[in-house]
Structure formats: C-alpha cells, structure tokens
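Observations on the model geometry
Listed here are the chains, written in short residue letters.
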Amino acid sequence: MNEGTSAGTVDWNDDDMATNFANVVNIQGTREQIELFFGTNRTWNLGDGSNVRVDLTNRMILTPHAAKRLNSILTGVLREYETRHGPLSADEP
C-alpha cells in the first residue's frame, strides 16, 4: 500500500505484520511516551461477582507526536463510521 506525503510516497512493507484481535484497550503515558495496552476480555458471566479477566496481548509504545497523529486519524475514521452506521457509545462492550 502506498500513501502520498509531502516528502514523497510511503511504501508500507507488511511482510512481518501480525494481526491480533482486541476488545479491551487501556492507555497510560509519561512525558516521553504513550503506552497502549490491548487485550481480550475472557469473562463470560459478570453477574456472579467474579473479577473481569483480560488477557493482555500487545503493548504499543508511541512518541507523543505519533500518539497525537493516531488520535487525529482515529477520530476521522470513527466520525466516518458513525456517519455510515450510526452513533457508537463508549460504554457499550
């Protein structure tokens, strides 16, 4: 996949890319970096008072500038999604 930029074309090499599923995300940050944690909720029955079990699968560490760009791009993608499919609630699973 090629993407045009003001500096030329970006050639995305996906030879070593892995694909993972996540239905849980958490974020923490410091002055130097933003960390995104991804995982899968393995709890089937929340009604029995048990703890929620999340198997963490990935941690992405971003510079604050990369995190800001991710935020901008993700906001645009979600805005387009909601235009097509209706509003999402952050409280829904």
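Parameters at a glance
- Residues numbered from 1 in each chain as written.
- Predicted model: local features only at pLDDT ≥ 70, side-chain atom pairs only at ≥ 80, totals over all residues.
- Heavy atoms only, no water.
- Helix = DSSP H or I, 4+ residues; strand = E, 2+ residues; numbered from the N terminus.
- Contact = heavy atoms within 4.5 Å.
- Areas by Shrake-Rupley, 256 points an atom, 1.4 Å probe, with all protein chains shown as cover.
- Pairing = 2+ DSSP bridges.
- Axes fitted to C-alpha atoms, helices over the stretch in contact; angles between N-to-C directions.
- Buried < 20%, exposed > 50% of the residue type's maximum accessible area, 1.4 Å probe, protein only.
- Salt bridge = Lys/Arg side-chain N within 4 Å of Asp/Glu carboxyl O.

Moving on, we get to the overall build of the protein chain. A count of helical and extended segments in the protein chain gives one helix and five strands. Scanning the protein chain from its N terminus toward the C terminus, one meets helices and strands in the order β-β-β-β-β-α. Sequence separation of 24 or more characterises 26% of the internal contacts of the protein chain that already satisfy a separation of 6 or more. Taken as a whole, the protein chain presents about 8500 Å² of accessible surface, with 52% of it coming from carbon and sulfur.

We now examine the sheet that holds strand S3 (residues 24–29). Reading across from one edge, S3-S4-S5 is the order of the three strands in this open sheet, with antiparallel pairing throughout. Two strands in the sheet have a free side with no partner beyond their single neighbour: S3 and strand S5 (54–62). Neighbour to neighbour, the strand axes of the sheet diverge by 20° on average, direction disregarded. Bridge count for strand S4 (residues 34–41) against S5 is eight bridges, and the pairing is antiparallel. Note that in S5 the partner of Glu35 across the bridge is Ile61.

Now for the pairing of S4. Looking at chain direction, S3 and S4 are connected through six bridges and run antiparallel. Counterpart to Ile27 in the pairing with S4 is Leu36. Remark: four residues form the turn of the hairpin made by S3 and S4, two consecutive strands paired antiparallel.

Bringing the side chain of Thr43 into the picture now. Examined against the element boundaries, Thr43 turns out to sit in the loop between S4 and S5. If we ignore the near neighbours within four places in the chain, the residues touching Thr43 are Ser50, Asn51, Val52 and Arg53.

We now examine the environment of Arg84. Among the structural elements, Arg84 can be located in helix H1 (residues 64–85). Note on Arg84: relative accessible area 61%, which makes it exposed.

All told, the structure shown has four salt bridges when counted by the stated rule. Asp55 is the partner of Arg42 in a salt bridge, and the nearest nitrogen-oxygen pair spans 3.0 Å. Of the two residues, Arg42 sits in the loop between S4 and S5 while Asp55 sits in strand S5, which places them 13 residues apart along the sequence. In this structure Asp55 comes out as partly exposed when scored by relative accessible area, which is 22%. Here Asp55 and Arg53 are joined by a salt bridge, their closest N and O atoms 3.0 Å apart. Bridged by salt links that share partners, the residues Arg42, Arg53 and Asp55 form one connected network.

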